[in-house]
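# Fold and geometry: a report
Listed below, chain by chain, are the residues.
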Amino acid sequence: MKETILLFNAPAKEDLLKIEMALFPLHIRLKKISSEDYSQPLGVLAGMKDMEPSEAQYDGPELPGTMFVFCFLSDSRLNQALAALRKCGAGPFPYKAILTPTNSTWTAPDCFDEIRREHEALHK
C-alpha cells in the first residue's frame, strides 16, 4: 500500500500549504478527507482493498480539530513525517493516529473521540 496520511478538518490554507511543503520531499501522499466521507471506515479512506464502504451519509458536525491518520508508514518513515510536521510551523496538531487493524473499521468521528479521550487522560 502507498504511504498515506489522511487529513481530517484541514487547517487554513496557509497552514495547509506548510504541511504540504513539509511532506513533499518525503513523497508521502496527503489525502484531504471531506466531511461527507466521515461515515466511511478509515481503512476504506486509506485505500484498503478488502474493506467494504459504508452506505451511510455523514451529516454531523465538523471535527473539533485537525486530525492526521498515518497509514502504511514504517517506524522510520513515521518519525520522518512527524519531524517534518513539527518543523513546518503549522501546528501543533495533538490529534494523530496510526491506522491499525482495530481502528481501520472506525469512522473519523469515532477515531477523533478516542484520540481526544486518550489525549485528555494523558494531560490530566
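Above this note sits the structure.
Bear in mind that the values here come from a model prediction, so they are computed numbers and not experimental data. (Residues numbered from 1 in each chain as written. Predicted model: local features only at pLDDT ≥ 70, side-chain atom pairs only at ≥ 80, totals over all residues. Heavy atoms only, no water.)

## What about the sheet that holds strand β3 (residues 67–71)?
Within a sheet, each strand pairs with its neighbour through backbone hydrogen bonds, oriented either parallel or antiparallel. For the record, the criterion: Should DSSP find at least two bridges between two strands, the strands are regarded as paired. Counting from the N terminus, the helices are the DSSP runs of H or I reaching at least four residues and the strands are the DSSP runs of E reaching at least two. Between N-to-C directions, angles cover 0 to 180 degrees, with each direction set by a line fitted to C-alpha atoms, over the stretch in contact for helices.
Here 4 strands make up an open sheet; going across it, the order is β2-β1-β3-β4 and the pairing mixed. Each edge of the open sheet carries a strand with a single partner, namely β2 (29–33) and β4 (95–98). Going across the sheet, the axis of each strand differs from the next one's by a mean of 20°, ignoring polarity. Alignment of β3 against β4, held across 4 bridges, turns out to be parallel.

## Thoughts on the environment of Leu-45
Assignment of secondary structure puts Leu-45 in helix α2 (residues 42–46). The sequence separation of Leu-45 and Thr-100 amounts to 55 residues, and the corresponding C-alpha distance is 13 Å.

## Describing the packing of aromatic side chains
Selection rule: Only rings of Phe, Tyr and Trp enter the pairing, Trp through its six-membered ring, and a pair is recorded when the two centres are within 6.5 Å. The plane angle decides the type: under 30 degrees is stacked, over 60 is edge-to-face, the rest tilted. Residue burial is assigned from relative accessible area. The probe radius is 1.4 Å, only protein chains are included, and a residue is buried under 20% of its type maximum, exposed over 50%, and partly exposed in between.
In the structure shown here, the tally under the stated rule is 5 aromatic pairs. Judged by centre distance (5.1 Å) and plane angle (70°), the ring pair of Phe-68 and Phe-93 falls under edge-to-face. Here Phe-93 lies in the loop between α3 (75–87) and β4 and Phe-68 lies in strand β3, a separation of 25 residues in the sequence. An angle of 45° between the planes, with centres 4.5 Å apart, marks the rings of Tyr-95 and Phe-112 as tilted. Of the two residues, Tyr-95 sits in strand β4 while Phe-112 sits in helix α4 (residues 108–122), which places them 17 residues apart along the sequence. Both residues of the pair, Tyr-95 and Phe-112, count as buried. An aromatic cluster is defined as three or more aromatic residues linked by ring pairs; in this entry it consists of Phe-8, Tyr-38 and Tyr-58.

Shape is all these values report; function is a separate question.
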